[in-house]
Amino acid sequence: MTQPKTVTVIDNATGKQIELPIYQGTHGPDVVDIGKFYKELGYFTYDPGYVSTASCRSNITFIDGDNGTLLYRGYPIDQLAEKSTFVEVAYLQLYGELPTRKQFKDFEYIMRHHSMINESLKGFFDGFYHDAHPMAILVGVVGSLSAFYHDSTDIHNPEHREIAAHRMIAKMPTIAAASYKHSVGEPFVYPRNDLSYCGNLLNMMFSVPSEPYEIDPIAERALDMIFILHVDHEQNASTSTVRLSGSSGANPFACVSSGITALWGPAHGGANEAVLNMLNQIGDVSNIPKYLEKARDKNDPFRLMGFGHRVYKNYDPRARIIRDMCHEVLAKFGDANDPFFELALRLEEIALKEDYFIERKLYPNVDFYSGIIYRALKIPTNMFTVMFAIARTVGWVAQWMEMISDPEQRIGRPRQLYTGAAQRDYVDIKKRK
Ligand code: SDX
C-alpha cells in the first residue's frame, strides 16, 4: 500500500514540523491541503490574487496554462467549438456528459420554454436612463430575479437548484436583448420558441416591428461558437465571486448578478470592450510602437488590453479559434480588410516579438479578437461584455450547483495580514487639537 504523499513544513523559528497531505487530480498540479496550517503552526498562508491557491475541487473545466489546453468535462475546446453547439455544451457542463438525443431534445425544449421573463420585469428597464450601460442594467435586472420564483429557491433541494439553473440560462438572452433595446430606445422583442438559442438572441436584439428580420445562419453559427468558447474557465474572478456569494446560501439569481458585476471589470470580461476602445485609440499601425512603449512603462497605467492571462502562459486556445473565425465572419459581414482586424493582427505580430511580452509570456487572450467579430455582427461595443455574460452564465450556474452539493463546501471566509494601527485608546474630541 503506497503511503499518501505529503510535504513537511518546518518552522525554523520553533523547530516545529508538520506533515501536510498532497491530493492528486486527474490533470494539472497536485495540491497541498493547508487546512491545519494555522491550527498547527499559528501562521496564515498569504497569496494575494490567489496565484498559487486552489479554492475547491471541481470536475467541470480544466486549463493547462503552459500548454494552452482547455477542457470542458474532459472534452478539448477546439473539438467542442467545431462539432458541438452552445446548448449541448450547456448540458455537458451542467450534467457532466454529452446528452443522448432524447436528453438533448428535452433540454433544448426547456431552454426555449423558459426564455420569457415575467411581464412585470419589463418595468425594471424603464427605471434606467437611456444611456445606462447594458452591463449596469444586466446586474440590476438579473439580481431582481431573486424577487421571483418563491416556489423554487430552496437551494438544498436538487430540483429547485436545477430549475433555477435552467431559468437563468434560458432567460439571460432575453434580459440581455431587452437591455440593448432599452439603450437604443426600441421596443422589446419577445423570444420565439421556433428559433435556436443564438437565433433568438439575434432576433430579440435586431428585429423591429416595422420590417421583417432575417437571421443569417453564418452569424447564428459564429455567435454559437463564440458562446461555446466563453462558457466556463475554472475558478476565474467572476466564477469565484459566484461561488463565494453562493457559499453563504444566497439566492442563486443574486449570486449570478454578483458574477456579472465581477465580469464587468476591464481586467476580466470587460476587456473585450476595452480592446475595441484601445484599437480605436491606437488608430493606425504607425502608432503601435508608441502604445507598446506605454504598455511597458510602469508609470503609465496603459495596458495592452486583450493580452496576458493569469493562467495561460501560452496562446489562449480560444483566441486562436476566434482569430481564425474572424476571416470567415469579416468576409461575410464586415470588411475583409477591416482596419481594426488588420490593426489587431499587426499589433499581435509586433507585440509577440517584444522582449517585454516574451519575458512575461503575455499572449492574446479570448478577449483580444472577440470584439472584432461582435463588431462585424453589428453588436455595439457596450454589449460585448453582455455577450460574454450570456455564455458564462452556464459556467457560473454549473460551478454554483457543484459548490452547493460539495460535501467539503463551507462558507468562504479568507483571513488577512493586518498591517493597520496597533491597538490604542479612544481620545475624547475635547482633548484633540
Ligand atoms: C479574461 O481568469 C480567467 O480565466 C479570465 C478569462 C475567463 O475566461 O474567465 O480568461 C477572461 O478575463 C481574460 C483576461 C482579460 N483581461 C485583459 O486582457 C486585461 C489586460 N490583461 C492584464 O490586466 C493582465 O494580464 C491580467 C489581469 C489578465 C492578468 O493579470 P495577472 O495574472 O495578475 O498578471 P500581472 O498583472 O501580475 O502581470 C504580470 C506582469 C506585470 O509586469 P511586472 O510587474 O512583472 O513587470 O505582466 C505585465 C504586468 O505589468 N502585464 C501587462 C499586461 N498584462 C500583464 N503589461 C502590459 N499589458 C498587459 N496586458
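Source: prediction; values computed, not measured.

### So, the site of the ligand
Residues in close proximity to the ligand total 25 residues, the closest being His233, His309, Arg310, Arg318 and Arg392. Within the contact set of the ligand, an oxygen atom lies 3.0 Å away from a side-chain nitrogen or oxygen of Lys298. Within the side chain of Arg303, an N or O atom sits 3.0 Å from an oxygen atom of the ligand. Classifying every residue of the shell around the ligand by side-chain character gives 10 nonpolar, eight polar and seven charged.

### A look at the pattern of salt bridges
As enumerated under the stated definition, the model contains 20 salt bridges in all. Asp194 is paired through a salt bridge with Arg192; the nearest N and O atoms lie 2.5 Å apart. Between Glu359 and Arg360 there is a salt bridge whose closest N-O contact spans 3.6 Å. A relative accessible area of 58% means that Glu359 is categorised as exposed. Judged by its relative accessible area of 38%, Arg360 is partly exposed. The network of salt bridges with common partners includes Glu293, Arg296 and Glu354.

### A word on the packing of helix α11 (residues 252-264) against helix α18 (residues 384-404)
The geometry of a pair of packed helices is captured by two quantities: the angle between their axes and the separation between those axes. As a packed pair, α11 and α18 sit with axes 10 Å apart at the nearest point and diverge in direction by 135°. The angle between the axes of α11 and α18 places the two elements in the oblique class. By crossing handedness, the relation of α11 to α18 is classed as right-handed. Contacts from Pro252, Cys255, Val256, Gly259, Ile260, Leu263 and Trp264 in α11 reach Thr385, Phe388, Ala389, Trp396, Val397 and Trp400 in α18. By residue class, the composition of the contact of α11 with α18 is 11 nonpolar, two polar and no charged.

### Overview of the sheet that holds strand β3 (residues 31-32)
By definition, the strands of a sheet pair up through backbone hydrogen bonds, in either a parallel or an antiparallel sense. Read across the open sheet, the three strands follow the order β1-β2-β3; overall the sheet is antiparallel. Since the sheet does not close on itself, it has two edges, and those belong to β1 (6-10) and β3, each with one partner. Direction of pairing for β1 relative to strand β2 (residues 17-23): antiparallel, over a ladder of five bridges. Bridging from a neighbouring strand, Val9 pairs with Ile18 of β2.

Cut-off values and rules
Residues numbered from 1 in each chain as written. Predicted model: local features only at pLDDT ≥ 70, side-chain atom pairs only at ≥ 80, totals over all residues. Heavy atoms only, no water. Near = heavy atom within 4 Å. Polar contact = N/O pair within 3.5 Å; in protein donor to acceptor, adjacent residues only side chain to side chain. Nonpolar A, V, L, I, M, F, W, Y, C, P; charged D, E, K, R; others polar. Salt bridge = Lys/Arg side-chain N within 4 Å of Asp/Glu carboxyl O. Buried < 20%, exposed > 50% of the residue type's maximum accessible area, 1.4 Å probe, protein only. Axes fitted to C-alpha atoms, helices over the stretch in contact; angles between N-to-C directions. Helix = DSSP H or I, 4+ residues; strand = E, 2+ residues; numbered from the N terminus. Parallel < 35°, antiparallel > 145°, perpendicular 65-115°, else oblique. Left-handed = near helix turned anticlockwise from the far one by under 90°. Contact = heavy atoms within 4.5 Å. Pairing = 2+ DSSP bridges.

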